[in-house]
Each structure stands twice: as C-alpha cells, then as structure tokens.
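# A closer look at the structure
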Amino acid sequence: MIVTEALFAGIKDRIHAEITAARRSIFVAVAWFTDRDLFAALVERQRAGVAVSLAVVQDSINAAMPFEQLAAEGGTFFRLDGALMHNKFCILDGRDVITGSYNWTYKAAQENFENIVVTSGDYDLAFRFIAEFKRITGHADAPTAAQVDLAKVVRRLKAISSLIQLEEEEDILRQARRLQAEWPDELANTVAQHLEARQYVQASREIQTFLDAHARVTV
C-alpha cells in the first residue's frame with residue numbers, strides 16, 4: 001500500500017527516523033547540507049551495511065562538512081559543480097521517497113518555514129528518483145544494445161501485456177520503468193508513454209507487433 005504524508009514541523013526528526021530505519025540503500029541529493037546529526041546518521045547506516053550515496057553542491061556552504069568520511073566508510077559521495085543542483089530528495093530501500101523544500105541544514109530546521117512529503121511503498125516513484133540521482137551524478141547505468149537480454153525483454157513485454165488485461169495500473173507502470181532501464185530501444189519509451197497516458201490499447205498494439213515480429217525471427 002502506498003502512503004503519502006505532508007509534514008510542516010518536526011521535519012529533521014522525521015528524516016532522521018527514516019534514515020535510521022533504512023536497511024538496504026539510501027540515496028540523498030540535497031543542495032545544502034550542514035546538519036551533522038543527519039550526516040552522522042548516514043555514516044552510521046553505511047557502517048551497518050546499508051549502501052549510502054550522497055550528492056551535494058560544491059560550494060562554500062558545504063565546504064566545512066566532512067563528507068569524505070562517508071566515502072571512507074564505503075559509501076558514495078559526489079560534489080556537483082557547474083549547473084546548480086537544487087534538489088532535496090532522499091530514497092530509502094528503493095521504495096520510500098522524501099522530497100520537498102527542506103535543505104538538510106540547521107537553518108532549515110530552526111528558522112525557516114519548510115515542508116517535506118514522505119511517500120512510502122511507491123516503488124515506481126522511488127525508481128524514478130534513483131534514476132534522476134544517477135543522471136545528475138553522471139552514473140546512469142543504461143545498458144547498451146549489445147548487453148540486452150532479448151529473452152528477458154520479451155518476458156517483460158508479455159508481463160506488461162498481461163497486467164494491462166488485469167488492469168493492474170500500479171504494476172504496469174513499474175514494469176514499464178524497468179523495461180526502459182533494461183532496453184535502450186525507442187519502443188520501450190513509446191510503450192511507457194502510452195501507459196503513463198493510460199492509452200492501453202495503443203500500448204498493447206505496440207507490444208503485440210513486436211512480439212509477433214520476434215516470434216517470426218525466432219522461427
């Protein structure tokens with residue numbers, strides 16, 4: 001079940017609690033980060049075996065933080081230069097997303113009017129945010145055409161076709177996003193666009209046309 005909450009107070013405590021509860025992975029992209037309590041929580045999770053990745057803006061505000069400590073513990077850290085990275089989001093365990101106006105700073109915690117939205121259990125939303133994290137850090141891991149397992153692509157397309165018949169909208173979009181990540185082909189983007197627009201008939205036709213052609217080639 002997907003649950004979404006909006007918070008306007010107690011934001012730091014909630015972020016800290018979510019970090020502490022993470023068990024597999026944490027991705028954080030935040031423009032400004034001066035809160036040592038939240039940073040210590042990330043380092044502790046990395047030491048506990050949770051894969052932590054952090055990206056911040058390279059500027060004087062962030063210069064005083066010992067971010068390299070995270071890398072020394074086995075985490076991944078990026079200072080982003082050039083175009084201003086103004087994101088404030090965190091993805092936990094590939095399913096929960098925190099985003100909003102809140103920079104991870106003492107000023108945000110003590111002085112500003114801020115907000116965050118916490119969405120739990122939405123794997124598709126988390127997938128999109130992780131993909132954006134990888135894009136802005138220059139580590140997008142899209143496969144090349146030569147690396148694609150076409151049999152896996154066929155299975156994924158058949159699964160999407162079955163989900164369309166079952167009208168499982170949430171699972172349909174999740175499978176479509178995975179197809180895009182696994183298959184650098186324009187058809188993957190076309191199918192995803194149809195599904196996002198709920199154009200299920202068009203998506204089914206595109207899928208079936210490909211499956212029919214693939215079957216002929218296989219024979």
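Everything in this summary refers to the structure shown in the same document. (Residues numbered from 1 in each chain as written. Predicted model: local features only at pLDDT ≥ 70, side-chain atom pairs only at ≥ 80, totals over all residues. Heavy atoms only, no water.)

### Re the nonpolar core
Nonpolar side chains tend to gather and get buried jointly when the protein is soluble and globular. By size, the foremost hydrophobic cluster in this structure holds 30 residues, and its most contacted members are I15, I26, F33, L54 and W104. Mapped onto this core, the elements with two or more residues apiece are α1 (11-21), β2 (25-30), α2 (36-47), β3 (51-57), β5 (88-92) and β7 (116-120). If one sorts the elements of this core by residue count, α2 sits on top with 5 residues. I26 has contacts with I19, L42, R45, V50, A51, V52, S53, C90, I91 and L92, leaving out every residue within four places of it along the chain. Counting 19 residues, the second largest nonpolar core, distinct from the first, contains V153, V191, I207 and F210. (Core = buried A, V, L, I, M, F, W, Y, C linked by side-chain atoms within 4.5 Å. Buried < 20%, exposed > 50% of the residue type's maximum accessible area, 1.4 Å probe, protein only. Helix = DSSP H or I, 4+ residues; strand = E, 2+ residues; numbered from the N terminus. Contact = heavy atoms within 4.5 Å.)

### Description of the side chain of D122
Within the element layout of this structure, D122 appears in the loop between β7 and α5 (123-136). Buried within the structure, D122 lacks any salt-bridge partner; its nearest side chain of opposite charge belongs to R174, at an N-O separation of 5.5 Å. Within the structure, the side chain of D122 is placed 3.0 Å from the backbone nitrogen of L125, a separation counted as a polar contact. With near-sequence residues (within four places) excluded, D122 lies in contact with I2 and R95. (Lys, Arg positive; Asp, Glu negative; His and termini not counted. Salt bridge = Lys/Arg side-chain N within 4 Å of Asp/Glu carboxyl O. Polar contact = N/O pair within 3.5 Å; in protein donor to acceptor, adjacent residues only side chain to side chain.)

### Looking at helix α6 (residues 150-166)
The terminal C-alpha atoms of α6 lie 24 Å apart, and with 17 residues this matches the ideal 24 Å at 1.5 Å per residue to within 8%. If you check which residues of α6 are buried, you get V153, V154, R156, L157, I160, S161, L163 and I164. (Expected span 1.5 Å × (residues − 1).)

### Some points on the sheet that holds strand β6 (residues 96-100)
Taken together, the 7 strands give an open sheet; going across it, the order is β1-β7-β6-β5-β2-β3-β4, and neighbouring strands pair in mixed fashion. For this open sheet the edge positions go to β1 (3-7) and β4 (76-80), each flanked by a neighbour on one side alone. Pairs of neighbouring strands in the sheet enclose a mean axial angle of 10°, with direction left out of account. As paired elements, β3 and β4 share 5 bridges and run parallel to each other. When the sheet's bridge partners are listed, V57 is paired in β4 with L80. The sheet contacts of α1 involve β1, β2, β5, β6 and β7, and relative to β7 the element is tilted by about 30°. Relative to the sheet, α2 contacts β2 and β3, its axis offset from that of β3 by approximately 150°. (Pairing = 2+ DSSP bridges. Axes fitted to C-alpha atoms, helices over the stretch in contact; angles between N-to-C directions.)

### Thoughts on the environment of V3
By secondary structure assignment, the location of V3 is in strand β1. Note on V3: relative accessible area 33%, which makes it partly exposed. When residues no more than four places from it in sequence are discounted, the contact partners of V3 are V118, T119 and S120.

### Quick notes on the environment of A126
As for its placement among the helices and strands, A126 is situated in helix α5. Exposure remark for A126: the relative accessible area of 0% places this residue in the buried category. Counting along the chain gives 99 residues from A126 to F27, while the straight-line C-alpha distance between them is 9.9 Å. If near-sequence neighbours (up to four positions away) are discounted, A126 is found in contact with I91, G94, R95, D96 and V97.

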